[in-house]
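The chain contents come next:
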Amino acid sequence: MKDKESYENLKEDIRFHDHLYYILDDPKIKDREYDKLFKELLTHELNHPEWVTKDSPSQRVGIKPESDFSTFKHYKQMLSLANSFDPNNLFDFHDRVTKNLSDIKELDYLCEPKMDGAAVSLIYEKGILVKGVTRGDGTVGEDITSNIRTIRSIPLVLAKSSTKFPKLIEIRGEVFIHKSDFKNLNTAAKKNNQKIFANPRNAAAGSLRQLDPAITNTRPLAFFAHGIGLCEGLDFHTLEKMFKIFSEWGLPVNQYNHLATSIKASLGYYKDIASKRENIPFEIDGVVFKVNRIDLQDQLGEIARSPRWAIAHKFPAEEVTTIIEDIDFQVGRTGILTPVAKLKTVNVGGVNVSKCTLHNLDELKRLDPRIGDKAVIKRAGDVIPKMVRVIPAKTSSRGSPVKPPSQCPCCTSDVIFNFQSEWRVINSSVDKTLKKFSSLYEAEKYLAETNSGELEIYEHQLETPFIKCSGGNNCSEIVKGKFSHFVSRKAMDIDGLGQEILDSLIEKGFIKDYIDIFNLYKFKDELQALDRFGKKSVENLIGSIKLASEVDLYKLIYSLGIEEVGETTARNLAIEFGDFNKLQSASFENLIDIQDIGPRVASKIREYFLNIDNQSSLLSLIPYLKINNPEPNIKSDVALFSGLQIAITGKINSMSREEAKDILLSKGAKVTSTISKNTDFLIAGKNAGSKIDKAENLGIRIIGLNELSSFLNDPQQFS
Ligand code: IVH
């Protein structure tokens with residue numbers, strides 16, 4: 001029995017030293033002494049395997065699960081934070097908060113660095129860690145308990161304090177990697193010829209999703225707790241007290257957290273942290289401000305999956321300077337030539353960037369980049385890199401301005417210059433442009449809706465044209481782009497035909513027309529003889545091609561790559577005509593009768609179907625496919641949203657914003673991205689910003705993501 005007692009004491013001692021080492025960064029014993037304690041523990045466990053429980057410090061690394069992670073529904077949803085880039089918006093946030101809380105003018109705010117890591121939820125039952133879960137979509141995450149257990153700063157059992165453990169608590173926080181650990185991790189990876197991580201966030205998130213906890217165990221992961229989900233049987237009253245109790249329990253809390261007693265002091269904290277950012281030992285991407293009192297948080301509640309009581313202020317996107325090595329023109333599937341700058345590879349916000357689109361000739365003219373110049377590149381969040389400005393090289397050595405080519409760089413066909421027009425709606429009484437449209441039809445529609453006698457439309461020719469290759473099917477880049485679009489996920493969705501494989505099948509003459517893709521099964525042996533193909537991959541490819549031969553009508557229409565026909569228009573056409581042959585023979589007048597199809601789009605559709613090459617492609621393709629026409633009842637839905645004006649803002653998880661828009665359009669709604677007094681509903685996704693305030697002020701009903709699907713089925717219930 002005495003033995004058992006010393007074993008239990010030993011476990012306590014090791015936990016105590018783990019806490020000192022991993023959380024307080026203040027070890028009190030030498031590594032050698034710690035190893036000795038650990039060895040003693042293992043000896044006890046070897047002699048008495050019946051004593052070993054999951055909370056023993058020896059049990060951090062479990063065994064590899066058979067298959068994928070299982071999912072877990074969070075007891076309480078993991079919310080997102082509303083974001084803002086301008087720290088002065090902090091005062092607007094404060095005004096919103098106080099407006100919603102009567103009689104309160106000044107408030108304490110808990111200010112925290114916004115950690116750039118991976119969000120997790122840890123479930124402790126009566127002080128014992130029972131589960132670790134990824135954020136997932138906020139409602140359901142993945143059960144990564146075995147990986148979480150390998151993180152030394154996460155206690156397997158909470159330390160006893162004067163505060164009794166709740167029956168169950170979801171501790172929310174961030175798993176991250178310190179900058180110095182990240183450096184070492186990548187140095188070791190380089191040495192062992194392993195994958196280099198782009199940034200600490202990717203490394204942390206990737207490590208948490210390893211199926212084998214033994215691998216996670218080798219990654220230097222750390223953790224900070226920053227909140228709670230469900231908590232049964234304990235009221236913390238304030239965040240300040242909550243963090244104090246977390247620390248007593250042995251949960252790591254960010255040492256840079258600070259209680260500000262006014263909104264002005266909170267802004268001071270932001271400035272202070274921004275100035276210290278370089279010297280903070282982990283990556284942060286902003287500051288989070290939270291109302292300190294939990295009863296006030298409850299009163300404020302949440303909106304569109306973000307709490308009204310908190311806001312994140314992001315630091316401005318990182319800008320870096322690099323050298324422009326080349327500028328060339330890339331040919332897209334429609335033949336349009338886009339200027340692209342090749343850059344000396346540079347890491348921007350954790351991602352390596354080696355090229356950057358310059359979009360069009362306007363942008364080229366504005367920036368005037370030349371080979372050898374320096375360029376300032378920016379990447380905000382996950383968006384594509386943008387060239388902010390150019391720093392010209394010293395005049396004597398500066399390259400010459402980039403001229404648009406007169407021949408296609410791929411097939412040498414002549415380049416066509418298309419001057420574009422825009423249609424401006426002006427208020428003739430004050431000679432002021434109110435709105436600009438890319439087609440006369442849209443401008444006319446706007447005028448009809450606005451119903452004001454003082455408005456007029458005039459055509460304005462844009463100064464710079466866009467340039468297009470005239471080679472059509474003779475240009476291999478256009479052809480490659482056309483097939484790559486055809487097989488893409490939103491189109492025919494054929495797996496296994498990535499760009500490289502597709503290009504080589506086109507170059508070797510296997511694919512000249514759409515139908516050739518569906519005939520590839522006849523060339524199994526020939527395909528297997530090609531580079532990059534094995535027996536298995538050929539079989540997989542043939543399998544996915546077969547699957548793709550059954551296709552929804554709207555996807556087929558979209559996959560043809562008709563100019564101006566994106567997904568939304570393709571859906572509208574599918575619903576309206578209900579059958580491919582009817583669309584093919586539709587007249588110009590039939591087409592412009594359809595919602596959101598103007599004369600420009602209608603003529604592109606007619607042009608496409610009148611083209612002899614297209615007709616011959618379709619003649620072989622269409623009879624081969626099994627086309628699923630839309631259910632006639634979708635058509636009757638058209639009236640469901642008719643007359644309703646709906647704005648969408650923020651990020652939607654379950655479907656893309658475009659999809660939500662398409663559904664709404666197909667059901668007769670008018671969809672906008674701006675809010676006005678004519679807006680009936682605002683669909684607010686994640687990180688919805690100032691539009692929420694505007695909608696609230698205008699009394700517009702806001703639809704949160706949790707309500708979205710029932711809203712799409714029946715908007716009446718929300719009126
Ligand atoms: S509070 C309801 N505090 O940012 C409030 N979140 O956009 C939700 N994050 O997924 C979290 N540092 O994982 C909070 N100090 C901090 C944070 C923080 C990073 C992450 C969090 C969440 C995301 C919200």
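Here's what I pulled together on the structure shown here. As the structure is a computational prediction, the values presented were derived from the model and not from experiment.

1. A closer look at the site of the ligand
Right, on to step 1. Near the ligand there are 14 residues, and of these Glu112, Met115, Ala119, Glu174 and Lys290 occur at the shortest range.
Right, on to step 2. Separating an oxygen atom of the ligand from a side-chain N or O atom of Lys114 is a distance of 3.1 Å.
Right, on to step 3. In the environment of the ligand, a nitrogen atom lies 2.9 Å from a nitrogen or oxygen atom belonging to the backbone of Met115.
Right, on to step 4. When isolated, the ligand has an accessible area of 520 Å², and the protein chains bury 87% of it.
Right, on to step 5. Breaking the shell around the ligand down by element, the ones donating at least two residues are β3 (109-115) and β10 (284-291).
Right, on to step 6. If you tally residues by element for the shell around the ligand, the top one is β3, at 4 residues.
Right, on to step 7. Grouping the constituent residues of the shell around the ligand by class yields 7 nonpolar, 2 polar and 5 charged.

2. As for helix α9 (residues 263-276)
Right, on to step 1. Helix length check: α9 (14 residues) gives 20 Å between terminal C-alpha atoms against 20 Å at 1.5 Å per residue, within 8%.
Right, on to step 2. Burial in α9 covers these residues: Ile263, Ser266, Leu267, Tyr269, Tyr270 and Ile273. The arc that holds the buried residues of α9, viewed along the axis, is 150°, so those residues lie on one side. Away from the buried face of α9 by more than 90 degrees, exposed residues Lys264, Lys271 and Ser275 are located.
Right, on to step 3. As for α9, its buried residues are in contact with α3 (89-100), β3, β9 (258-260), β10 and β13 (310-314).

3. Description of the packing of helix α22 (residues 599-610) against helix α23 (residues 612-624)
Right, on to step 1. Between α22 and α23, whose axes approach to 5 Å, the crossing angle comes to 70°. Here α23 runs roughly perpendicular to α22, going by the angle between their axes. Judged by residue contacts, Tyr608, Phe609 and Leu610 of α22 engage Ile612, Asn614, Gln615 and Leu618 from α23.
Right, on to step 2. Considering only residue class, the contact of α22 with α23 consists of 5 nonpolar, 2 polar and no charged.

The rules we used
- Residue numbers run consecutively from 1 along every chain, following the written order of its sequence.
- Local features in this predicted model are restricted to residues of pLDDT 70 or higher, and side-chain atom pairs are both shown and tallied only at a pLDDT of 80 or more, whereas totals for entire chains, interfaces and linings draw on every residue.
- Only hydrogens and water are set aside when side-chain values are computed; all heavy atoms of the structure are taken into account.
- Any residue with a heavy atom positioned within 4 Å of a molecule or strand is treated as near that molecule or strand.
- A 3.5 Å cut-off defines polar contacts: any pair of N or O atoms within that distance qualifies, except that in protein one atom must be a possible hydrogen donor and the other a possible acceptor, and neighbouring residues in sequence count only when both atoms are side-chain atoms.
- Note on areas: Shrake-Rupley with a 1.4 Å probe; residue coverage comes only from the protein chains shown.
- Only DSSP runs of H or I reaching four residues or more are called helices, and only runs of E reaching two or more are called strands; each is numbered from the N terminus.
- Three classes are used, and their members are as follows: Ala, Val, Leu, Ile, Met, Phe, Trp, Tyr, Cys and Pro are nonpolar, Asp, Glu, Lys and Arg are charged, and the others, Gly among them, are polar.
- The span you would expect from a helix comes to 1.5 Å times its residue count less one.
- Residue burial is assigned from relative accessible area. The probe radius is 1.4 Å, only protein chains are included, and a residue is buried under 20% of its type maximum, exposed over 50%, and partly exposed in between.
- Of all possible arcs, the one meant is that of the directions from the helix axis to the C-beta atoms.
- Contacts were defined at the residue level, with two residues in contact if any of their heavy atoms lie within 4.5 Å.
- Here, axes are lines fitted to C-alpha atoms. For helices the fit covers the stretch in contact, and angles between N-to-C directions go from 0 to 180 degrees.
- Angle categories: roughly parallel below 35 degrees, roughly antiparallel above 145, roughly perpendicular from 65 to 115, and oblique for all the rest.

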